[in-house]
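One-letter residues, chain by chain:
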Amino acid sequence: MDCGGQGLKGDKQQPTAAMGAQQQPTPLEPSQLRKIIMVASIAAGIQFGWALQLSLLTPYVQLLGIPHTWAAFIWLCGPISGMIVQPLVGYYSDRCTSRFGRRRPFIAAGAGLVTIAVFLIGFAADLGHLSGDPLGRGPKPRAIAVFVIGFWILDVANNMLQGPCRAFLADLAAENQRKTRTANSLFSFFMAVGNVLGFAAGSYSHLHKIFPFTSTRACDVYCSNLKSCFFLSIALLLSLTTLALTMVRETQFTPSAEMDETTSEKEGGKGKPLPFFGEILGALKDLPRPMRFLLLVTCLNWIAWFPFLLFDTDWMGKEVYGGKVGEGQAYAHGVRAGALGLMLNSVVLGIMSLALEHLGRALGGPKRLWGGVNFILAICLAMTVLVTKKAESTRHLAAARNGGVIQSQPATGVKIGALTLFAVLGIPLAVTYSIPFALASIFSATAGAGQGLALGVLNLSIVIPQMLVSVVSGPWDALFGGGNLPAFVVGAVSALASGVLAITLLPSPQPDALAKAVAAGGGFH
């Protein structure tokens, strides 16, 4: 076998090379900036597709007949594949001895799997109909089966892409701190670009006219628009990936004798690499006190975030616009407005990311910054209740004036209020994507632990809440009559608790240490 190695996934940021630092070959000279830019640009293609997932797929699965109560279970793929696929891909890519290099084979395979997955998702309704699903409303079991298979392949493929891309950037930087900071900044920049493009595409309702063949008997306007968005996503990803892999070469990796000796000692003479998951479990037993507090705060933080991240566009379609899945235009209008809100969120997130280091210094440290923005998160999630009630009251007044006819658009003030919430939430999201990873790096360095292992442990406090929310949010909402507000309210309470604990429990690192760690921070994907 040509490939084998060690890596990890951290909040969908992937420091795969960090865990196996002792297994890396002697660093070469840092690569030219244009090569780093080309590899970092792949993030735009990855994030374009992820933005479409966040904005359009939850409504789409309900159109296929999966009820809201069970729609969240589809999203279990993300944390499961994140815990399993990315560490394994990182593990093997670190030791891959292919003549094409260590990272490029995995990046190419991931891009190919994304193409297959998008085809299955986009044509799920058509394939289901060809297999015997009825037209019209109602559950479409065969289409649902095709969609679920495609969706899980897509998440696995995305996880295959992210880790090797970040590791490739680390290889190109060759341990040069300035190049490493530049590479991470460029990767984050292209992630923001992909977010904006993806959410903009999702908010535009006439893309299907560019691809008229997407409209079929089994696929309505919303479905055909989704297909068109994914076609654009694939075109962007394949173009950027082909350019990067063609123009940026890797040398074939040859394990050194020193590396073999070190590995043999760790293996205890058994001839098998030390499993990554065994290291994670071992690290959990000996966590220093600051890391324990950090895991607790991070866990509560993501319990607050995930309900909104999974159901934000569904909330716009149902609660704000008053629409029903598959009935009339209100729901579709709301989903597109939600995609516009996510685009605004991404713009604010990008701007805020550039100011984090200065804000942390001004507020007296990262824990105060993180705690403060968690209070903002709690207020915004609580405000979704106010926006929803205001939208309901204006709809009732409008229906009374119009003889019982309900408009497909909410009042202007309601729409502005909802979009403002999306935009403001970009502030705490930028902090969530950076500060926890910076603190994990600082605390692990202080305790003499490995950076990669610390981030791998931190990742558990992200994927476990995501699985919890995916399993519990649907039934929890159903207890209160359906809708998204019950999970949002729980999120508000969790955000409030996270903010209080961040300020009261977390130690304050040195400002210089924070500046260095934030430069290497990443984002959830």
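Attention here is on the structure that accompanies the text. A quick note: this is a predicted structure, and the numbers were derived from the prediction, not measured.

Regarding the nonpolar core
In terms of nonpolar packing, the biggest core is built from 124 residues, with Tyr60, Phe147, Leu294, Trp315, Met316, Trp370 and Leu506 touching the most fellow members. The greatest single-element share of this core, amounting to 16 residues, is contributed by helix 13 (residues 289–320). With residues up to four places along the chain from it excluded, the contact list for Trp370 reads Leu294, Val297, Thr298, Asn301, Val431, Thr432, Ile435, Pro436, Leu439 and Leu506. Counting residues in each nonpolar core, the second largest holds five residues, with Val85, Cys96, Phe106 and Met160 among its members.

Thoughts on the pattern of salt bridges
Taken as a whole and judged by the stated rule, the model has four salt bridges. Its salt-bridge partner being Asp314, residue Lys318 comes within 3.5 Å of it at the nearest N-O pair. Here Lys318 pairs with Asp314, and both are found in helix 13, just four residues apart, close to one helical turn.

Overview of a nonpolar patch on the surface
On the surface, Leu468, Val471, Val472, Trp476, Leu479, Phe480 and Val490 cluster together into a nonpolar patch covering about 630 Å² of accessible area. In terms of residues, the nonpolar patch owes the most to one element, helix 19 (residues 451–479), which gives five residues. Mapping Trp476 onto the fold places it in helix 19. With relative accessibility at 32%, the residue Trp476 sits in the partly exposed group.

Describing the environment of Val89
With respect to the helices, strands and loops of the structure, Val89 is situated in helix 5 (residues 77–93). Residues Val89 and Leu161, spaced 72 residues apart in sequence, show a C-alpha to C-alpha distance of 9.1 Å. Those residues in contact with Val89 that sit more than four places away from it in its chain are Phe106, Met160 and Pro164.

A word on the packing of aromatic side chains
Taken as a whole and judged by the stated rule, the model has 13 aromatic pairs. Between Trp302 and Phe306, the ring centres sit 5.0 Å apart and the planes meet at 35 degrees, which makes this aromatic pair tilted. Residue Trp302 and its partner Phe306 are located together in helix 13, separated by four residues, close to a single helical turn. Taking relative accessible area as the criterion, Phe306 reaches 1% and is therefore assigned buried. For the pair Phe308 and Phe488, a centre-to-centre distance of 5.6 Å together with 50 degrees between the ring planes defines the contact as tilted. Residue Phe308 is found in helix 13, and its partner Phe488 is found in helix 20 (residues 485–505); the two are separated by 180 residues along the sequence. For the pair shown, Phe308 and Phe488 are each scored as buried. Members of the aromatic cluster, joined through ring pairs, are Phe119, Phe123, Phe211, Phe213 and Phe231.

Each value, and the rule that gives it
- Residues numbered from 1 in each chain as written.
- Predicted model: local features only at pLDDT ≥ 70, side-chain atom pairs only at ≥ 80, totals over all residues.
- Heavy atoms only, no water.
- Core = buried A, V, L, I, M, F, W, Y, C linked by side-chain atoms within 4.5 Å.
- Buried < 20%, exposed > 50% of the residue type's maximum accessible area, 1.4 Å probe, protein only.
- Helix = DSSP H or I, 4+ residues; strand = E, 2+ residues; numbered from the N terminus.
- Contact = heavy atoms within 4.5 Å.
- Salt bridge = Lys/Arg side-chain N within 4 Å of Asp/Glu carboxyl O.
- Patch = residues over 30% accessible without salt bridge, like charges linked within 9 Å, V, L, I, M, F, W, Y side chains within 5 Å.
- Areas by Shrake-Rupley, 256 points an atom, 1.4 Å probe, with all protein chains shown as cover.
- Phe/Tyr/Trp six-rings, centres within 6.5 Å; stacked < 30°, edge-to-face > 60°.

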